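Coordinates in review
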Amino acid sequence: MASKTRFSLVSICLSSILILLFGDGVLASVPLVDFDRMGTVGLTGAFAGLDLFQDNSTSISFDPSTATLLSRTCDGSLSSLGSTNSGGSIAAGCVLGDSFYFGGIFTSIGNVSASNVASYTPSTGKFAALGSNGPNGEIRAIFCDSTQKNVWVGGQFTSPASSVAVWSTSSSSWSAPPFGGLSGAAAEVSSITTNSSQSSVFFAGSFTVSFGGGQVNSTNNPNVPYSSGASPFSSSLVPVPLQNAQVNASPSSSDSQFSNIQNVLCPAGADGPGNTWFAGDGNTAVITARTFSVLNARGIRLGNTFLDGRGTTGFSITTIPDNTVQTLTYVDPQTGQNQTCTDTCPLSTDSSIPYQDFLFSEGLQVTGFQLSLSEWQGAGPGLHILQLLSSGAFAYAISSDDTVSCFAPSASNVTFTGTWTQKNADTTIPGTVQEVLVSTVPVGSPAAEASSFTWMPYVSASGQYDVYMLIPGCTDFQDCGLRTSVKVTIFPGAGMEPSVTTISQQNTDDASTLIYSGPIVPSSPQFVTTITMTIADSPAGAGQNGNYELVADAVQLVLTSANVTGGSNGTGGTVGSQTGFAFFEWPLQSTSTVNATTVLSNSTETSLDNVGVDLLSALGGASGLSSSTPSISAVVHHPSGTIFLGGRFNLTSGPASGASNVVAFTNGALAALANGGLDGAVTSLALDGDTLYVGGSFRDTASPSTGGSLAGIAMYSVQQKQWSALQAGVNGAVTSVDVSNNQVLVAGNFTGVLASAGGGVEQSAAGFAVWNATNSAWVNSGGFLVGSMTLVANGTDSGDQSQFVAGNVAASLQFGASGFVKLQNGPDGLPEVTTLSIQLDDSVDAAVSPTNSNRRRSHHVHRSAATWFPNLDVMSMFKRQSSSSLAPLPSPPPAPAPAVLAGAFWTNSSSSREMIIIGGNFSSAASGSTLQNVAIYDNESGAIKPLQGNQINGTVRSLLVQGDELFIGGEFTLPGTGVNGFAVYDLAGQKWDVSGFDSLQASSGSSAVVRTITASTSQSGIVFVAGSFSQAGSVACRAVCAFNINSKQWSALGNGIQGDVASVAYAGTSQDLMVASGSIALADGTQANVATYSLPNATWESLGSGSDLPGPVTAVAVNDGNSSSVFAAGRSSDGSSSFLYFWNGQTWSSVGSGLAADTDVSQMTMVPLQNTHAANDVIEQDRVLLVSGLLSDSSFGNASSALFDGQSFIPYIATSSPSGAPGFVSGLIFSLASFSFNQRHFLATGIVILISIAIAAGIVFLLALIGILWTLFSRRDDKLNKFDAADVDQDDDSTHRPSSLLAHINAATRTTIIGAQSPFHTEKEGDAVKDPFGPDASNYIRAETPSDAMGGIMNGEEASRPAHARYSFDGAGDGELSLMAGQESRWWYARDVRSGKEGVIPAAYVY
C-alpha cells in the first residue's frame, strides 16, 4: 500500500458528536429521555462499542468478506459509508479537493459498480466510479496531485499501462503515465508518494527500470526465508500450526535454554537460546507430535542447529497412525538435484542453509508423526526449525482451529451469516472426533436470504491448486433427509473472475469433493482466497420437516504446481549498464514521453534513481531477486534529503550490508538503520517531524535490541538514530500507519495492544488502534471497530471526516467504550454520549491456559460460559440457596473483562467534586498503579484511581454510597480478610472498613453472591443486602439481610424468605415497602417470585399469586413508588422463554409478548421524558420504562436497551463485545436519588397575561359570591329567630319557596321507606291509577307522608332512632318539617314529638 508523509489537513471539531440517528420525520414520535433531570447519568455493561438505534434499524453486523470504507470524525467516532462486493479489498487512498479517491480489488462499492478504483464525496455522501477503461487489476497505491488535479494509481495491472495509470479529474479519463509504465520482477507498484518539496513522485514496489540490456526475474515465495534446501514448490506449502499439538522430545538437554521442543516449532529468532532445541548429549532422540486431528500433510521442514559444533546429520520420519517410515524427496543443496531417502535421511550442517524441505511421495492423512534423530555431530543432535508442511493451504469451519502458521502474516479464518451450530461425528481414524458446523435453511428460501459460510484460507504463494471441500457423510450424522446441494463461489485472486460450482452434500460417507482446479494468485502478503458456500439455486432433495441442512467442515487447497507467473511471479526488464530495482522517480513537471518498460535514456535518469540501482546491487543483482523476491512497500522523504524505504528485503552487499526490511538512502548511498533495521517485513511508513513511524510484521530490530517490544509498530528517531517502542506494540501485523493531531493511527490485522513484550493483550483493539504521541500511551480510538483493517488515510477538508478507515469489518459502532459511558441531553433533546478518557483493560487474572483435548483438532479449545470470568464460577453465581422446589435463577449474560457491572456517585467533601465509582470485572494501570474490579473516576479531570489497599479478587455487581461509606457487593474475596461477597470501604479515609461485622455465608457447595445493595429513605442508617446466601455470621437471613451502618450488625427481615434475590425496588412515598424479585418463596413455602416487605410492619407478602409469573424474575421496577404499578421481567422456570409482566394492583398481566426466548433482562428503571408518548393504561405519557440487558424482540431484533411505553418496545441502545458479538447493558446509574417525572412547560408571554387577567376576574367574582352568601345566611338566621309555626296556615302557599328538589327527594324517600309506588312511574295506556299525592299549583309532587303509613314497614319505634336538631330548620316547603335547634326528631323522615307533625329534614341538620 502507499506510504504516507504527514499532510497538514485542518480538521476542526465544532462540538462533540451527537447521536443524530433519528430522522426528522420520526423525531417527534421517538421518546426523548430527559437524562439531565436524573443528574449525572452513566450506562454500565459488558461492551466495547455502543450506538443508538436509527429508526429501529441500527445494525452492528458487517460482512467481513467484503471491504468496508468508514469515516472517522475528530473525536474518533465511526460511520460506515459503504462496502465492496464479497472478496473485495481497499488498499490505498488519498484526498483531492472535496473527494476521497481509493483503490484495491473490487467490482462495486456501496450500490455503485466500480472496477478497483472509485471516489467518495462527503458533501453529497455518494460514491462514483472513475470512468471506463481503467486499471484491469489490483490497485495498491494512490497519489493525488493537487497541482495538476491528477490521481496516480499503482498496482498490478496491464492496462491502460503496466502497473501505473493516471486519472485526470478535469477530463474524467484514464491514460498511461508519461513514462509508459513499470514492469520487470513482479511488475507491481506498492507505493506512490511525493518528495519533500512535492515536485516529483516516487514509485516503489517490485519492478525494474533499465538503462541498458539484460534480464531479471522473480520466482520464489516471498513469505518464506530463502533456502537452497527448498524448492519453489515446497516453500509455497503453508506449514501446519503445531503450537497446540502434543509434542514430546526425549531425551532433552539438561540446559533449560535448549530443552523446550516448543521453541523450534516456529522460532522467534535466530539459532540460539530460546529458539533452539538440544537432545541429551550422546543420545539418539525421538520427537513425537500428535494432533488428535486429521491433517493433510505433504512433508516436513527441518532446520539444523549450528551452535557449539553440534547438530543432526541423519534422521527418519514415521507417520501416525499408519506407523509407516516414509520415503522422502528433497533438493540436494549442493547440486540442486532431487534426491530420495528413507532411513536414514541426511540433514545438511552447512550454516548457509537455514532449512531443508523433505516431501512425502504424495499428500497423506495423518494425525501426527515421530521423528528419530539417529545421527549427529558434536555433543549430540539438535534442531532450530521443525515444521509439518501442509498439502498447500487449508481453513477449518471451527474458527478456533484456524491458528497462525509460521511465516504467515495472519491465520486462515471464516465468516458466516445466519445461525450455525456445532455438531460432532466419529471419523475413520480411531480416537478422533469430527467437528463441523451446520445450519438449518427453510425449504424455499432464496440463496440471498439463507445462511452462508465463507472460508478464507491463507495462501502463501501463487500456483496451480486443486481445492477440495470436506463433506462428512450423512449416515453418521443421521441427517440424510435434510441434506441438499450447495453453490460454491471461489475468488482465486489477481483480478480473475470467480469460479462458481454446485455440489451435493447428500453423500452417505465422508467425501472430499473437488470444487476448483486452477491458478490462485496472492495479491498481497496478507492474501486470503475466499470460498463461499450458500444453498444451491435449485436445491436437491425435498428436505425434512420443511427444512434443509447445510454442513460446513473444512477446505483443503492442494498445490499441484508452483509455476504461475500471472500474479506474483513476473519476468521481464532489460538490463543495461544501469538497472534499478523497486524505486523510480518522475518529476511532475516533466514533459518527456518515454517508455520505462523497455530501456530509458540516461538523460531521463535522476540522481535519486540511484536508490534503485544501489538496491539491486545490495541484493546481489538479478540472482538476488530470483532467490528471495524482495519488494519495497513504503517510501518517505525527510526534509533533510534522507529517503527511508521499507519492505521485505535483506541486503547482502554494499555500505548497508546486513540491513533488513528498512533502510535509508542518504548522502548518495544506502545506509543501514540502527541495529540493522527490523526482523520482519515493513508495510507502511509515516513521518512526523523527526520521528519515523514504521508498521509491518516484525517484533524487534534485526539485531535484537528491544526485547521484542516492537511488535507490528515502531518509531525511529531520525536525529538520534535509535528505535523506540510504542509500549509493546500490537499482537498482529500492521498494514497502514497515519499521523494526525499528535496521534498515531494504526490499522492492521490484530486484536489488541500488548502490555509488555511477549505478554498478553492489555486492551482490545481489533484492527485499529490509536497512540497518543504526547502522552506516550495507547488511548481510546473513539469508535468501535472489529476487523482486519488495511487502510487509514487523512480525510477531506469538507465535512468532519478527519480520516478514512477501510478493511474487512466484522462489526463497527459509533462509540468505543470499555463498559461505561455517560449520557446527557444534547441539542434538540437528542442524547449526547461521552466515553471515559481512559481504557479499561482485561482482568489481570483473565489468562486462561488452554488444555489439550483428544478431539479431532486438538487446537480447538471448548470454553464454557464460566471461562469468561476470571476466578469465577459462573454456574454457581445464580445457584439458589433454597429448596429444590424453586427454579434456579437464569445465568447472567457473559461479562468478559473489561466489563463495568455497577456504579455509584460520591461527592468528595474535600474537593466538592463529583466522583463516579465503577465496579465489575476489569483492571487498569492508567493511574500508574494497577486497579482491579473497583475504581474511582474523577468526572472532571478524567483521572482514575484504585481503592487503597488490597484489590478485590472477583466480580463486583452492586455498589452503594451512603455518606462517605462505599458498600460493595458481588462474588469476590478480599485478600487478607474474611470478606465474602460484601465489603465496606471508607472513601474519606481511603481504607477498607471490613472489621467488626460477620461475613456472608452460602449454602454448602456454592458461593455467596450479592446482586443488589439498596437503602430506603424510611430507614436511616440501614442498607439492605440481597442475593444468594444463607446467613450473615450467625444470623439466618437467607437471600436478603439488613445491615446497620453504625453498629455493623446484621438482622433478618421479618420471617425471612427462601431462594435467591436478583433485584430490589421500593414503593410508597417514603419507600416503606420493599419489592424483592428473583426465585423466591415466603417462609411458609408460598411461591412469590415478586414479594413485598413492609418495613413498618416487618411482614412479607407475595405480590399477587406466585403462579401468575412464568418463572424467576431477574429485574423488577416500581413506577415512581406506586405499588400498583410494578414491572417484572425474567425467564420461565424451564428457561425456554422470557417475559415482562405488569402488576396493576390487582393482577399480573403480560406486556412483553414480543420478547424472544434468548432475552436476558438485567435492569429496568423508569426514566422521564422531554416529550410524551401515546396515552395508555400502563405507563403515563411523561415517562417510559428503560429495559436493559441482552434483548431480542421479534419487532427489532437484538438490542442492549429498549424503551417500553406501555404498548410497544422501541430499541434504544446497541452494544457489542470486543469480538463483535452483541454486548449487554448491566444498567443505568444516576446521581439523583429522586427526581420528578412532571414536565415543565413554559407558556408564551401573551398567554401568561391572559391567564393573569382571568385569575384576577375570578378573584373578584369569588369575593362577590362570598358577600352574597354571607347576606343570605344572615337573613336565614333572622327568619328562624322570628319563626312561629302557629302563625302560618297549613294551606297557605304564600310562604312556600320553590322546593321541587326537596319535594322530589321527599317523594323518593317516602317510596323507599313505605314501599309506595313512585309518583314518576308511567302506567300503561288505559290504566286508571289514582295519584295518591296529586299535583299542586307549583307543578311538583306534594310529599304527604302520614306516620301511620309506615306502621308495618318501620316496625314502630324500634325501627327509628332519636335525633336532635343541630340547627333550626325552616320547613317552608310542602312535606318539610320545621325544627328548632336542640329539638328531638326522627332521622330523615322525621316526626316532631311535640306537635306530631311529620316531614323530610336534611341530615346535616340533625345529630
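All figures in this text were calculated on a predicted structure; none of them were measured in a lab.

Attention now goes to the sheet that holds strand 70 (residues 1009–1014). Pairing between the strands of a sheet is mediated by backbone hydrogen bonds and can be parallel or antiparallel. Read from one edge to the other, the open sheet built from 4 strands follows the order 70-71-74-75, with strand pairing classed as antiparallel. Looking at strand neighbours, the two that pair on one side only are strand 70 and strand 75 (1050–1051), the edges of this open sheet. Bridge count between strand 74 (residues 1040–1044) and strand 75: 2 bridges; the pairing is antiparallel. By the bridge assignment for strand 75, Ala 1042 is matched with Ser 1051.

A separate point is the packing of aromatic side chains. In the structure shown here, the tally under the stated rule is 40 aromatic pairs. Taking the centre distance of 5.8 Å and the plane angle of 55 degrees together, the rings of Trp 152 and Phe 203 count as tilted. Note that Trp 152 is positioned in strand 13 (residues 150–156) and Phe 203 in strand 17 (residues 200–217), a separation of 51 residues in sequence. Comparing Trp 152 with Phe 203, the two get one shared label, buried. When the centroid spacing of 6.0 Å and the interplanar angle of 40 degrees are considered together, the rings of Phe 394 and Tyr 396 count as tilted. The pair formed by Phe 394 and Tyr 396 is uniform in burial state, with each residue classed as buried. Linked through ring pairs, Phe 100, Phe 102, Phe 106, Tyr 120, Phe 127 and Phe 804 together constitute an aromatic cluster. Lying across the ring of Phe 278, Arg 310 places its NZ or CZ 4.2 Å from the centre. A cation sits over an aromatic face here: Arg 1183 above Phe 1237, 4.3 Å from the ring centre.

Let us look at the pairing of strand 70. Counting buried positions along strand 70 gives 6 out of 6 residues, so the element sits mostly inside the fold. With 5 bridges connecting them, strand 70 and strand 71 (residues 1022–1028) associate as antiparallel partners. Bridging from a neighbouring strand, Val 1010 pairs with Gly 1027 of strand 71.

Our focus in this paragraph is unusual backbone geometry. Note the cis peptide between Ile 320 and Pro 321, where omega equals 20 degrees. Examined against the element boundaries, Pro 321 turns out to sit in the loop between strand 22 (311–320) and strand 23 (324–325). For the bond from Ala 897 to Pro 898, the omega torsion is 0 degrees, close enough to zero to count as cis. Positionally, Pro 898 belongs in the loop between helix 6 (874–877) and strand 61 (899–908). The phi torsion at Ser 172 lies on the positive side, around 50 degrees, for a residue other than glycine. Here Ser 172 is to be found in the loop between strand 14 (164–168) and strand 15 (173–175).

This part is about the sheet that holds strand 29 (residues 392–396). Spatially, 29-40-34-37 is the arrangement adopted by the 4 strands of the open sheet, whose pairing is antiparallel. Looking along the sheet, the strands with just one partner apiece sit at the ends: strand 29 and strand 37 (511–520). The average undirected angle you get between the axes of adjacent strands in this sheet is 20 degrees. Looking at chain direction, strand 29 and strand 40 (residues 554–561) are connected through 5 bridges and run antiparallel. In the strand pairing of strand 40, Phe 394 is matched with Gln 556.

Another point: the nonpolar core. If you look at the biggest cluster of nonpolar residues, it comprises 78 residues, and the most contacted ones within it are Ile 287, Leu 371, Leu 386 and Trp 455. Among residues more than four places away in sequence, those in contact with Leu 386 are Val 264, Leu 265, Ile 287, Ile 300, Arg 301, Leu 302, Phe 369 and Leu 371. Membership of the second largest hydrophobic core comes to 48 residues, among which are Leu 52, Phe 53, Met 1166 and Phe 1204.

For the protein, the mean per-residue pLDDT works out to 82, and 80% of the residues sit at or above 70. Note on residues 844–884: pLDDT is under 50 here. Beyond four places in sequence and across chains, it has 121 contacts. With pLDDT under 50 throughout, residues 1285–1305 is counted as low confidence; its partners more than four residues away or in other chains account for 20 contacts.

Before going further, it helps to spend a moment on the pattern of salt bridges. For side chains of opposite charge, pairing can occur when their charged atoms come near one another. Summed over all chains, the structure comprises 16 salt bridges. Here Glu 138 makes a salt bridge to Arg 140, at a shortest N to O gap of 3.3 Å. Its salt-bridge partner being Arg 301, residue Asp 357 comes within 2.6 Å of it at the nearest N-O pair. Taken as a pair, Asp 357 in strand 27 (residues 356–377) and Arg 301 in strand 21 (residues 285–304) lie far apart in primary sequence, 56 residues in all.

A few words now on the environment of Gln 246. As for its placement among the helices and strands, Gln 246 is situated in strand 19 (residues 246–250). What makes Gln 246 partly exposed here is its relative accessible area of 26%.

Quick look at the environment of Arg 37 now. Tracing the sequence through the fold places Arg 37 in the loop between helix 1 (24–27) and strand 2 (41–46). If we ignore the near neighbours within four places in the chain, the residues touching Arg 37 are Pro 1168, Leu 1169, Leu 1232, Phe 1235, Ser 1236, Phe 1237, Asn 1238 and Gln 1239. Only 3.1 Å separates the side chain of Arg 37 from the side chain of Asp 34, close enough to count as a polar contact.

Parameters and conventions
- Residues numbered from 1 in each chain as written.
- Predicted model: local features only at pLDDT ≥ 70, side-chain atom pairs only at ≥ 80, totals over all residues.
- Heavy atoms only, no water.
- Pairing = 2+ DSSP bridges.
- Helix = DSSP H or I, 4+ residues; strand = E, 2+ residues; numbered from the N terminus.
- Phe/Tyr/Trp six-rings, centres within 6.5 Å; stacked < 30°, edge-to-face > 60°.
- Buried < 20%, exposed > 50% of the residue type's maximum accessible area, 1.4 Å probe, protein only.
- Lys NZ or Arg CZ within 6 Å of the ring centre and 35° of its normal.
- Axes fitted to C-alpha atoms, helices over the stretch in contact; angles between N-to-C directions.
- Core = buried A, V, L, I, M, F, W, Y, C linked by side-chain atoms within 4.5 Å.
- Contact = heavy atoms within 4.5 Å.
- pLDDT = per-residue confidence, 0-100.
- Salt bridge = Lys/Arg side-chain N within 4 Å of Asp/Glu carboxyl O.
- Polar contact = N/O pair within 3.5 Å; in protein donor to acceptor, adjacent residues only side chain to side chain.

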